[in-house]
Amino acid sequence: MPSTLSESTDPYCLRPGEAAELLHDHPWRRFVALGDSVVEGMCEPTPGYPDVQWVDRLAAELRVVRPELAYANLGRRGLRAHQVRATQLAPALAFTPDLALVVCGGNDAFSPAYDADAVDAELTAMIGALRDAGADVITVGMFDVSHSPAVPEHVRAGLGERMRRLSARTARLAERLGTIHVHLTDHPLTADATLYSTDGRHGSARSDAIATAETLRALSRHLRPSPRRS
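Cut-offs applied
- Note on numbering: residues in each chain are counted from 1, in written sequence order.
- This being a predicted model, a pLDDT of at least 70 is required before a residue's local features are given, and a value of 80 or more before pairs of side-chain atoms are given or counted; all residues contribute to the totals for chains, interfaces and linings.
- For the side-chain quantities, the full set of heavy atoms in the structure was used; hydrogens and water were omitted.
- To qualify as a helix, a DSSP run of H or I must reach at least 4 residues; to qualify as a strand, a run of E must reach at least 2; elements of each kind are numbered from the N terminus.
- Note on method: radius of gyration uses C-alpha positions; expected globular size equals 2.2 Å times residues raised to 0.38.
- Each residue gets one of three labels from its accessible area relative to the maximum for its type: buried under 20%, exposed over 50%, partly exposed in between, using a 1.4 Å probe on protein chains only.
- Whenever Lys or Arg places a side-chain nitrogen within 4 Å of a carboxyl oxygen from Asp or Glu, that contact is recorded as a salt bridge.
- The definition of a polar contact used here is a pair of N or O atoms within 3.5 Å, where within protein one atom must be able to donate a hydrogen and the other to accept one, and adjacent residues in sequence count solely through side-chain atom pairs.
- Whether two residues are in contact is decided by their heavy atoms: any pair within 4.5 Å suffices.
- The rule is short: rings of Phe, Tyr and Trp, with Trp giving its six-membered ring, pair when the centres are within 6.5 Å, and they are stacked under 30 degrees, edge-to-face over 60, tilted in between.
- Here, a charge over a ring is recorded when the distance from Lys NZ or Arg CZ to the ring centre is within 6 Å and its angle to the ring normal is within 35 degrees.
- Under the convention used throughout, the expected extent of a helix is 1.5 Å for every residue step, that is, one less than its residue count.

A. Seen up close, the overall build of the protein. Counting its secondary structure elements, the protein contains eight helices and five strands. Ordered by position from the N terminus, the helices and strands of the protein form the series α-β-α-α-β-α-β-α-α-β-α-β-α. Taken against the 2.2 N^0.38 rule, which gives 17 Å for 230 residues, the C-alpha radius of gyration of the protein at 17 Å falls within 12% of a compact globule. Considering only C-alpha atoms, the protein reaches an extent of 45 × 40 × 40 Å along its principal axes.

Right under this line is the structure:
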């Protein structure tokens, strides 16, 4: 059933003016994104939500604060983690970013032959190289696409287990490697049909709007961490 909400009324999206508050005086000037179709941008239009892909939306919000921000989106659909590293890491480093987004492994996890250790190794190599080059790195545990109504019932359970395993392992890598991590897999709406496209592999404009809000909030927490209680 289609959502009757719009971004302005959706409680999980940004409030008016919130993006500017969250990114106030952010330091980043060069933003690069590496990954598969999630990064390239494959979301399905949803009435009431901007037809702007998630990563492009992040760059646009960052540019509101720093109009001079340079942005490169290297994402390409269909790539597995090793292909992302092989084709995108060198150009990403050549871009000399101070902020990088790395999202891949989903295409690996779509296969029952998913090799979690191999995906971890590829993510570790990319994150490490970008961090060593001086970039802050964003990692993401994506929405669990096995909840999409377009996913055949007979593959749903296995796909969901692999997607959650990818997300959990990425979260552990993020903690170990010191990334800015955005965890969407356990979002309250992860099982909501309106977040997914009709192809059974990608998200909707609503999911991209929610992912934008959660990513900007994670960036804000990185910039202004809450004091630890003694």
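B. Focus on the pairing of strand β3 (residues 99-103). Judged by how many residues are buried, β3 sits mostly within the fold: five of five residues are covered. Neither face of β3 is exposed, since Leu 99, Leu 101 and Val 103 on one face and Ala 100 and Val 102 on the opposite face are all buried.

C. Representation of the pattern of salt bridges. Within this structure, the stated rule accounts for 16 salt bridges. Notably, a salt bridge pairs Arg 169 with Asp 120, separated by 2.8 Å at the nearest N-O pair. Residue Arg 169 is located in helix α7 (residues 153-177), and its partner Asp 120 is located in helix α6 (residues 116-132); the two are separated by 49 residues in the primary sequence. Through salt bridges that share partners, Arg 15, Glu 18, Glu 214 and Arg 217 make up one connected network.

D. Broad picture of the side chain of Ser 37. Position of Ser 37 relative to the elements: it lies in helix α2 (residues 37-40). Within polar-contact distance, the side chain of Ser 37 engages the side chain of His 202 at 2.8 Å. The residues touching Ser 37, leaving out its near neighbours within four places in the chain, are Met 42, Arg 76, Arg 77, Gly 78 and His 202.

E. The arrangement of the environment of Glu 44 in detail. Within the element layout of this structure, Glu 44 appears in the loop between α2 and α3 (54-65). Judged by its relative accessible area of 27%, Glu 44 falls in the partly exposed class. Note: C-alpha distance between Glu 44 and Val 64 (20 residues apart in sequence) is 25 Å. Beyond its immediate chain neighbours, meaning those up to four positions away, Glu 44 contacts Ser 197, Thr 198, Gly 203, Ser 204 and Ala 205. There is a polar contact of 2.7 Å between the side chain of Glu 44 and the side chain of Thr 198.

F. Broad picture of the packing of aromatic side chains. Taken as a whole and assessed by the stated rule, the structure comprises one aromatic pair. The aromatic ring of Phe 95 is capped on one face by Arg 30, whose charged end is 4.3 Å from the ring centroid. Taking NZ or CZ as reference, Arg 201 lies 3.9 Å from the ring centre of Phe 110, over its face.

G. Seen up close, α3. End to end, α3 covers 18 Å across twelve residues, agreeing with the expected 16 Å (1.5 Å per residue, within 8%). The set of residues buried in α3 consists of Trp 54, Val 55, Arg 57, Leu 58, Ala 59, Glu 61 and Leu 62.

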